Amino acid sequence: MIGRWLSELPMDDPTRKSTSRPMLRRFIHHTEPIKFIKYIGHGAEGRVYLIEVLGSQYALKIFSNWTYTSNIYLRERQKPYTFPFSHECRAFARLDSLDENGTWAVKCHGWIKLSDEQFKPLQRFSGLSRWAIVKDYIPNEVSISDVPEIRRKMTIARKALLYPKDLQPRNFRGSFLVDLGAVRTYPYPPQRFWSNTRRREYFAWFDKDASQWEVSVRDGKVIEGWLNRMIKGKPSPCETAEAGDAKLD
Ligand SMILES: Nc1ncnc2c1ncn2[C@@H]1O[C@H](COP(=O)(O)OP(=O)(O)O)[C@@H](O)[C@H]1O
Ligand SMILES: [Mg+2]
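Since the structure is predicted, the reported quantities are computational estimates derived from the model, not experimental observations. (Residues numbered from 1 in each chain as written. Chains lettered and ligands numbered in written order. Predicted model: local features only at pLDDT ≥ 70, side-chain atom pairs only at ≥ 80, totals over all residues. Heavy atoms only, no water.)

Student: Can you walk me through the overall build of the chain in this structure?
Tutor: Secondary structure summary: the chain contains six helices and 13 strands in total. Since a compact globule built from 249 residues should have a radius of gyration of about 18 Å, the 19 Å found for the chain is in line with a globular shape. Overall size of the chain, expressed as C-alpha extent along the three principal axes, is 60 × 45 × 40 Å. Counting all 249 residues of the chain, 46% fall into the buried class. The long-range fraction of contacts in the chain, counting pairs at least 24 apart against all pairs at least 6 apart in sequence, stands at 60%. Accessible surface computed for the chain: about 13,700 Å², of which carbon and sulfur atoms make up 52%. Looking at the chain, you have 41 positive and 29 negative side-chain charges, and the mean spots of the two groups are 6 Å apart. (Helix = DSSP H or I, 4+ residues; strand = E, 2+ residues; numbered from the N terminus. Rg over C-alpha atoms; globule rule 2.2 N^0.38 Å. Buried < 20%, exposed > 50% of the residue type's maximum accessible area, 1.4 Å probe, protein only. Contact = heavy atoms within 4.5 Å. Areas by Shrake-Rupley, 256 points an atom, 1.4 Å probe, with all protein chains shown as cover. Lys, Arg positive; Asp, Glu negative; His and termini not counted. Charge placed at Lys NZ, Arg CZ, Asp CG, Glu CD.)

This is the structure in C-alpha cells:
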C-alpha cells in the first residue's frame, strides 16, 4: 500500500503534496501509546473509537480486513483500489493536497498501522486489520440546520474530482462527511468504475436527495425523507413484528 495510496512522510512534512498522485501521509504520533476512551460506532467497514494520544482527542477508524469487490473480473492489482481503506486514503490525500483538509469532510490526521501494543484492546474483535485512519472527533450528529451547508460544500468534492457514494445522513457529523469509505478519487484505476456522466448525475441526485432530508418521526435523527414516508405509511413486515414483540413485553 505504501507508494500506492500511502506515503511514509508525516502529515506535517513541508514537502509539496502531489495532487495528481494522492497518497495519504502518516499520523505524526504513530508510535505513541493510544488511550481508547469510548466506542463511537461501526458499519461494515470497521470500528470507530474516540481515542487520546499525547493529551489530544481524535476519532480512530480501524478498518476490517476487506476482500470484497463488486467486480470479480478486475485485475488483482486493481482490486485493492476498490476497498474502503484505499478509498478513504486517496480521497483524504486529494483533499489535503488541495488545502481542503477539514472543509467538506472531517479533518484527517493521517494513517497509522497499529503496533501489537496499540492493537491490544481490539484483539477480541475478529476481522479487524491493523490499518487505521486518524480523524478529528466531531461530537454532534448531523442536524437539519446543517443540510444547506452540506449541499453548498459539495462543490469542494466536485472540484477535487471525487465521486462520492453512500452520502447518507449517518455518515455526516455536523456538516462534515466522516465516512469516505465509498468515495472514489480520479484517476480511479479500475476505469470502468469511473464515469464522468454518472458522476455528474450523482451530484445532481444527491443535491435533490439532501433537500428532502427530514427529522425522523421516530427518534428525531436526520434521515432521508422517503424513510419518514415509509414509517408514517404502511408499516413494513419487520415493523409489525417489532410491534408484536413490544406487546409481549
Ligand atoms: N470523526 C468522527 N467523529 C465522530 N463520530 C464519528 C466519526 N467518524 C465516524 N463516526 C461515527 O461512527 C459511525 C461509523 O463510522 P463510519 O466511518 O461511517 O464506519 P463505516 O464505514 O463502517 O460505516 C458513523 O456513522 C458516525 O456516527
Ligand atoms: Mg458509515
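Anyway, onward from the coordinates.
Student: What is the right way to look at the packing of aromatic side chains in this model?
Tutor: Within this structure, the stated rule accounts for 14 aromatic pairs. Seen in terms of ring centroids, W111 and W131 are 5.8 Å apart; in terms of plane orientation they differ by 45°. Their pairing is tilted. Taken together, the residues W111 in strand 6 (residues 108-113) and W131 in strand 7 (residues 128-135) connect sequence positions 20 residues apart. By relative accessible area, which is 1% here, W111 ends up buried. Here W131 falls in the buried class, since its relative accessible area comes to 18%. (Phe/Tyr/Trp six-rings, centres within 6.5 Å; stacked < 30°, edge-to-face > 60°.)

Student: Can you walk me through the coordination of the magnesium ion (ligand 2) in this structure?
Tutor: Put simply, the ideal angle at a metal is 109.5 degrees for four donors in tetrahedral geometry and 90 or 180 degrees for six donors in octahedral geometry. The magnesium ion (ligand 2) binds to the protein through N171 (OD1) and D179 (OD); the donor distances cover 2.2 Å. When sorted by exposure, N171 lands in the same class as D179, which is buried. (Donors = N, O, S within 2.8 Å, 3.2 Å for Na, K, Ca; no water.)

Student: Where do I start with the nonpolar core in this structure?
Tutor: Soluble globular proteins: nonpolar side chains tend toward being buried together. Formed by 44 residues in total, the largest nonpolar core has its most connected members in L24, F85, W104 and F206. Elements with a minimum of two residues in this core: helix 1 (84-97), strand 6, strand 7, helix 3 (147-159), strand 8 (162-163) and helix 4 (196-211). If you tally residues by element for this core, the top one is helix 1, at six residues. Each residue touching F206, except ones within four places of it in the same chain, is listed here: I150, M154, L167, F172 and W213. (Core = buried A, V, L, I, M, F, W, Y, C linked by side-chain atoms within 4.5 Å.)

Student: How should I be thinking about the pairing of strand 6 in this particular structure?
Tutor: Working note: regular strand, side chains alternate between the two faces of the sheet. Buried residues dominate strand 6, accounting for five of its six residues. Note that strand 6 and strand 7 share five bridges and pair antiparallel. Residue W111 lies in a different strand from strand 7, and its bridge partner there is I133. (Pairing = 2+ DSSP bridges.)

Student: Sorry, what's going on with the site of ligand 1 here?
Tutor: Near ligand 1 lie 18 residues; those nearest to it are G43, E45, K61, D136 and R170. Burial of ligand 1 by the surrounding chains reaches 91%, relative to a free accessible area of 550 Å². Ranked by residue count, the leading element in the shell around ligand 1 is strand 3 (residues 35-42), at three residues. Across the shell around ligand 1, the residue classes tally to seven nonpolar, five polar and six charged. (Near = heavy atom within 4 Å. Nonpolar A, V, L, I, M, F, W, Y, C, P; charged D, E, K, R; others polar.)

Student: So what exactly am I meant to see when it comes to unusual backbone geometry here?
Tutor: A negative phi angle is the norm for most residues apart from glycine, just as the trans form is the norm for most peptide bonds. Cis geometry marks the peptide bond from Y186 to P187, where omega comes out at -5°. Assignment of secondary structure puts P187 in the loop between strand 11 (184-185) and helix 4. For L161, which is not a glycine, the phi torsion comes out positive at approximately 55°. Within the secondary structure, L161 is located in the loop between helix 3 and strand 8. A positive phi angle, near 60°, is found at D166, a position not held by glycine. Looking at D166, the relative accessible area reads 32%, which means it is partly exposed.

Student: Can you help me understand the pattern of salt bridges in this one?
Tutor: For the structure shown, the criterion picks out 12 salt bridges. Ionic pairing is found between R130 and D116, a salt bridge with its closest N-O pair at 3.0 Å. Within this pair, whereas R130 is found in strand 7, its partner D116 is found in helix 2 (residues 116-119), the two being separated by 14 residues in sequence. Since its relative accessible area comes to 25%, R130 is described here as partly exposed. (Salt bridge = Lys/Arg side-chain N within 4 Å of Asp/Glu carboxyl O.)

Student: Is there a simple way to explain the side chain of S97 in this structure?
Tutor: With respect to the helices, strands and loops of the structure, S97 is situated in helix 1. Residue classification places S97 among the buried residues on the basis of a relative accessible area of 18%.

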